[in-house]
Amino acid sequence: QITDAKKRYRAGVLKYRQMGYWMPDYQPKDTDILCLFRITPQEGVEPEEAAAAVAGESSTATWTVVWTDRLTACDSYRAKAWRVDPVPNNPGQYFAWVAYDLILFEEGSIANMTASLIGNVFSFKPLKACRLEDIRIPVAYVKTFKGPPTGLIVERERLDKFGRPLLGATTKPKLGLSGRNYGRVIYEGLKGGLDFMKDDENINSQPFMHWRDRFLYVMDAVNKAQAATGEVKGSYLNVTAATMEQMYERAAFARELGSVVLMVDLVIGWTAIQSMAEWCRRHDMVMHMHRAGHGTYTRQKNHGVSFRVIAKWLRLAGCDHMHAGTAVGKLEGDPLTVQGYYNVCRDSYTLTDLPRGLHFDMDWADTKKVMPVASGGIHAGQMHQLLELFGDDVILQFGGGTIGHPQGIQAGAVANRVALETMVKARNEGRDILQEGPDILQRAAQWCGPLRA
Ligand code: CAP
Ligand code: MG
């Protein structure tokens, strides 16, 4: 049957355009979900037809007309591809614009929205490749999500820390430390001047350190560091586990020990993310999202889903911190594109900004703001660049850049805190930190041994 459908498709018998999914005159409604796909049609498939096929397969259609179509109000249920433009400098690729009526989606469910929008189309035969570049979620639908449990404003109030980026570090090595040694790293980092420490994405409950040990030693270290410094501190306890029951159990224990923050990995999936966000909302905890796994579908420029779309879904699903890239450091990322992700985290109204990859205006209504996290191979020597790129509302996380310090972990934390406060001061005095940054750091280093090292 499939072979038959393919033959009919190639022979031009079956056309999504004729099924009503291509509507060049369509005027999108304020309440529609709008998607921008980058499509690469197969040879011989016209771009309008490929766009119609995307609209069809991501809404109501299958490969043939079915009798039961007539039993629905199919005009409003059909998604509409209304525009196709060649992608400049990328022969064979087209931007396809598709509108979806709100009736197609369940309130407050990312799982439901994604099952339609990215459900089948990415392996669809009329296309060689397909990428969801951007999405406009209408305010009517935005309001059906609860968003971040805490939000960056309340988080700053709880921490009592304002006017500068927050500092963090991921405990390294990623795997293998015992609970007791793990706790020492946490204490040294926090005592040295970091605001947060963090579990790595792949630390759960392995034989070398079971989760309860990790939580006990980490919270002991957090409490001691708070007492020693007089500052509110935290360490993101990764509760990622095999089942929801285990995640709830770990989250409850973290709370019982007085942790202010929990962490989950993106790989747990949308439903689990929304459930954990609800848990954090109920218990006044900050939810840290590590985007582990995203590169498998966000990195290729012609196929997959852009991280800006994932970031929009994550803000609605409800996370307070979101790894959003650095543009400098060990992981791939273009500065303008990464700034676009930061806008998605922090703007009340995301404006169209093509250089930053934002193709739509989007009204976030009163959805709380997410604290973006810059992490991955960064260090104190890049402080001026990081501050210039991202401003104050960001967590700068130096894992190797703290724990790899030649004089030890605490010295690494001191170097980062001194570099940060020096650079913020210079910026507030109106100096051009991008130009003068290295010089400013050199001068501060004269008075700070750890920074000099
Ligand atoms: C950073 C990190 C994070 C990455 C993830 C790591 O360590 O813990 O997982 O930042 O990337 O294991 O690489 P370092 P992103 O600070 O030692 O590099 O934040 O882009 O999602
Ligand atoms: Mg990591």
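1. Points about the coordination of the magnesium ion (ligand 2)
Here the magnesium ion (ligand 2) is held by Asp-200 (OD) and Glu-201 (OE), and the distances to it run 1.9 to 2.1 Å. A single burial state applies to Asp-200 and to Glu-201, both of which are buried.

2. Here we look at the nonpolar core
Nonpolar side chains in soluble globular proteins generally cluster together in the buried interior. If you look at the biggest cluster of nonpolar residues, it comprises 125 residues, and the most contacted ones within it are Phe-37, Met-113 and Trp-313. Those residues within four positions of Phe-37 in sequence are excluded, and the remaining contacts are Val-54, Tyr-94, Phe-95, Ala-96, Val-98, Tyr-100, Leu-117, Phe-122, Cys-130, Arg-131 and Leu-132. With 11 residues, the next largest nonpolar core counts Leu-159, Phe-196, Met-263 and Ile-395 among its residues.

3. As for the site of ligand 1
Inspection of the region around ligand 1 gives 18 residues, with Lys-172, Arg-291, His-323, Lys-330 and Gly-377 positioned closest. Between Glu-201 and ligand 1, the recorded distance is 3.0 Å, taken from a side-chain N or O atom to an oxygen atom. Within the backbone of Gly-377, one N or O atom sits 2.5 Å away from an oxygen atom of ligand 1. Its free accessible area being 480 Å², ligand 1 has 92% of it covered by the protein chains. In a pocket analysis with a 2 Å cut-off to the grid points, ligand 1 is assigned to the largest pocket. Looking at the shell around ligand 1, its residues break down into two nonpolar, nine polar and seven charged.

4. Here's the deal with the pairing of strand β4 (residues 127–136)
Within β4, nine of the 10 residues are buried, which leaves it mostly tucked inside the rest of the structure. Where strand β1 (residues 33–41) and β4 come together, eight bridges link them in antiparallel fashion. Looking at the pairing, Ile-39 lines up with Cys-130 of β4. Sheet topology places β4 next to strand β10 (residues 304–305); two bridges connect them, and they run parallel. Bridge pairing links Leu-132 to Val-305 in β10.

5. So, the side chain of Arg-308
Tracing the sequence through the fold places Arg-308 in helix α13 (residues 307–317). When its relative accessible area of 5% is taken as the criterion, Arg-308 is described as buried. With sequence-adjacent residues up to four places away left out, Arg-308 is seen in contact with Glu-133, Asp-134, Thr-337, Tyr-341, Val-344, Arg-356, Gly-357 and Leu-358.

6. Thoughts on the pairing of strand β9 (residues 286–290)
Most of β9 is tucked away, with five of its five residues classed as buried. A two-sided burial pattern is seen for β9, the buried positions comprising Val-286, His-288 and His-290 on one face and Met-287 and Met-289 on the other. Of the strand pairs in this sheet, strand β8 (residues 261–265) and β9 are connected by five bridges, and their pairing is parallel. The residue bridging Val-261 from the neighbouring strand is Val-286, located in β9. Bridge analysis of β9 against strand β11 (residues 321–323) gives two bridges, and the strand direction is parallel. From the neighbouring strand, Met-289 faces β11, where its bridge partner is Met-322.

Quick notes on the rules
- Residues numbered from 1 in each chain as written.
- Chains lettered and ligands numbered in written order.
- Predicted model: local features only at pLDDT ≥ 70, side-chain atom pairs only at ≥ 80, totals over all residues.
- Heavy atoms only, no water.
- Donors = N, O, S within 2.8 Å, 3.2 Å for Na, K, Ca; no water.
- Buried < 20%, exposed > 50% of the residue type's maximum accessible area, 1.4 Å probe, protein only.
- Core = buried A, V, L, I, M, F, W, Y, C linked by side-chain atoms within 4.5 Å.
- Contact = heavy atoms within 4.5 Å.
- Near = heavy atom within 4 Å.
- Polar contact = N/O pair within 3.5 Å; in protein donor to acceptor, adjacent residues only side chain to side chain.
- Areas by Shrake-Rupley, 256 points an atom, 1.4 Å probe, with all protein chains shown as cover.
- 1 Å grid on protein atoms, 1.4 Å probe; cavity = no way out; pocket = protein on both sides within 12 Å on 5 of 7 lines; lining within 4 Å.
- Sits in = over half its atoms within 2 Å of the grid points.
- Nonpolar A, V, L, I, M, F, W, Y, C, P; charged D, E, K, R; others polar.
- Helix = DSSP H or I, 4+ residues; strand = E, 2+ residues; numbered from the N terminus.
- Pairing = 2+ DSSP bridges.

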